[in-house]
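# Understanding the architecture of this molecule
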Amino acid sequence: MHTDPDPVYAGDHAVPSAPGTSFLLVLPRDVEGVQATLRLAHETGTPVVPRGAGSGLSGGATPIDGSIVLSLERLTRIREIDVLDEVAVVEAGVITADLSEALAPHGFFYAPDPASARLSSIGGNIATNAGGLHCAKYGVTRESVFGLEVVLADGTLLRTGHRSIKGVTGLDLTQLLIGSEGTLAIVVAATVRIRPLPVARRTVLARFPTVAGAAAGVNAISRSPVRPAACELLDARSLEDIDENTGAGVAEGESAVLLVELDGYGIAEQTRDLIAALGGAGGPADDGGDGGDAGPSDVEIRVLEDEAEAEHWWELRRSGRGSGAGHFRLGEDVAIPKSRLADAFAVIERIGREHGIRTSAVAHAGDGNLHPSLSLPRPEDNPDPSAPLPPVLHEAADDLVREALALGGTISGEHGIGTAKHSWLDLELSDASRALQRRLKDAFDPQHLLNPGKAL
Ligand SMILES: Cc1cc2nc3c(=O)[nH]c(=O)nc-3n(C[C@H](O)[C@H](O)[C@H](O)COP(=O)(O)OP(=O)(O)OC[C@H]3O[C@@H](n4cnc5c(N)ncnc54)[C@H](O)[C@@H]3O)c2cc1C
């Protein structure tokens, strides 16, 4: 147990705690320690802020005053790997990428792969229902979790779900808990689905003259029989961001890039069909309508045979945009039906013009999840990185969230609500839905001690 305020625990990756916030940091080594902490919190009426690795971007793990910050980082055992049942049983504090590394010698991997996989924990991924690059084919975290071991607000240990691939007994508490951002229970372990490593992988890079052309490329893939493992769209300004941060030299005028990974059997056939689909995309009539008479565009398609070059591109996509040093920057996360990508990129550009700010965006295009960046240069006489963001960035974010809803989307694709998106909940959820969610909260956590003020 730590009582010294430790700056590492004073916020997540995006939202610092309020000045003067004091909290008690507890780092249990085992499940019994988690239970004992919750019993104590229950008896004393102390709020508990669960924490995985603190890589969240919505303030979910950010301490509140007078709380216990309950870090699961020491629960790092991979208890079991069973390739016949295609499951692994892992504790909540296991770092996401470490699980796939442990599975690799068995010829298996764990599919959910947020770009933060080297920073985030399995428990945090489950609490936020994290997405990632390979969701396009393998689904988000919830599609890889069969069962959970959780500690309830009063310290009771509960096992939910099953180890079998099928299972329909009772209400599905596992799926209810996934994505509940630490407001219903503490995840201490999970039975997760593992998959055989693909027999082959191939990266294809398609450069389109415009972002609308690249969005048309996504529609062309949707119409084709090819289902990429990953399909990422980088607009012209995000390519410029990457160049500014890394010097990679990937921006070319207004062109946008689709970075596609294929995997599995028949990779040559998949590649052929992908190239055929992308080669026919790009005309205005292919922007989400019925296909019409769009002819071949001047899309430039390259199969990246050199694995090092392919990995370089994927690494640029994962972390190349950097943190935007020298700028006030607000990173967003919205999702829309993927057929509306062209509209979404047009909206982002319009919001930039109307608010006089710079915008750039990348998208997990295979599932319609956009990460726009809204920014303004920091004045040279005010380089303080902790200075509050100018209100115009928040106003632009507000427009963006409303436009995403108007396109049939959602206010958060994968980063969660935390505190950062709390004020927009009513825009998406009906009164009836919120009231029901409050009743569920009452049932799980009658004293409202688990992550109060977050997510719900
Ligand atoms: C560079 C970078 C890239 C990112 N890329 C992605 C991405 O591609 N996809 C994506 O989805 N996210 C991404 N994120 C966001 C973040 O990594 C995810 O939200 C991740 O799932 C958080 O995991 P964590 O262990 O760090 O959790 P934390 O940040 O510690 O906590 C996140 C939330 O989960 C709760 N929580 C944590 N552990 C538990 C537990 N054991 N039981 C109950 N509640 C718990 C916390 O209270 C909080 O509400 C990125 C973040 C960064 C910094």
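All chains use their own residue numbering, which begins from 1 and follows the written sequence. Where local features are concerned, this predicted model is filtered to residues with pLDDT of at least 70; where side-chain atom pairs are given and counted, the filter is 80 or more; whole-chain, interface and lining totals use all residues.

## Describing the nonpolar core
Which entries qualify depends on this criterion: Here a nonpolar core is just a set of buried residues of the types Ala, Val, Leu, Ile, Met, Phe, Trp, Tyr and Cys, joined wherever their C-beta atoms sit within 7 Å. Burial is judged by counting other C-beta atoms within 10 Å of a residue's own C-beta: 20 or more means buried, 12 or fewer means exposed, and anything between counts as partly exposed, with every C-beta placed from the backbone. Here a helix means four or more residues in a row that DSSP labels H or I, a strand means two or more in a row labelled E, and each is numbered from the N terminus. Residues are defined as contacting one another if the C-beta atoms placed from their backbone atoms lie within 7 Å.
Core analysis: the biggest nonpolar cluster contains 114 residues, and Val187, Leu233 and Leu258 have the highest contact counts within it. By residue number, the principal contributor to this core is helix 6 (residues 211–223), which donates 8 residues. Excluding anything up to four places from it in sequence, Val187 contacts Ala92, Gly123, Ile126, Ala127, Leu148 and Val150.

## Examining unusual backbone geometry
The backbone phi angle of Asn129 is positive, close to 50°, even though this residue is not glycine. Phi angles above zero are rare outside glycine, and His448 is one such case at about 55°. Along the chain, His448 falls in the segment after helix 13 (431–444).

## Focus: the domain arrangement of the protein
Accessible area lost on assembly of the parts is the figure often given for the size of an interface. To keep it simple, the criterion reads: Bear in mind that the domain bounds are from an automatic or database domain assignment.
Split into domains, the protein comes out as domain 1 (78–196), domain 2 (198–318) and domain 3 (323–417). If you average the C-alpha positions of domain 1 and of domain 2, the two centres end up 30 Å apart.

## Section: helix 2 (residues 96–103)
Operational definition: Relevant arc is that of directions from the helix axis to the C-beta atoms, nothing else.
Buried within helix 2 are the following residues: Thr96, Leu99 and Leu103. For helix 2, the angular spread of buried residues about the axis comes to 60°, placing them on one side. The inward-facing, buried residues of helix 2 abut strand 4 (78–82), strand 5 (87–91), strand 6 (108–109) and helix 3 (122–128).

## Overview of the site of the ligand
Formally: Working rule for contacts: place C-beta from the backbone, and if it is within 6 Å of a molecule or strand, that residue counts as near it. When residues are sorted by character, Ala, Val, Leu, Ile, Met, Phe, Trp, Tyr, Cys and Pro go into the nonpolar class, Asp, Glu, Lys and Arg into the charged class, and all the rest, Gly among them, into the polar class.
Taken together, 38 residues lie around the ligand, and Gly52, Gly56, Gly60, Gly123 and Gly124 are the ones closest in. Listed by contribution, the elements that provide at least two residues to the shell around the ligand are strand 2 (48–51), helix 3 and strand 9 (186–193). Looking at the shell around the ligand element by element, the count peaks at 5 residues for helix 3. Partitioned by chemical class, the residues of the shell around the ligand number 14 nonpolar, 19 polar and 5 charged.

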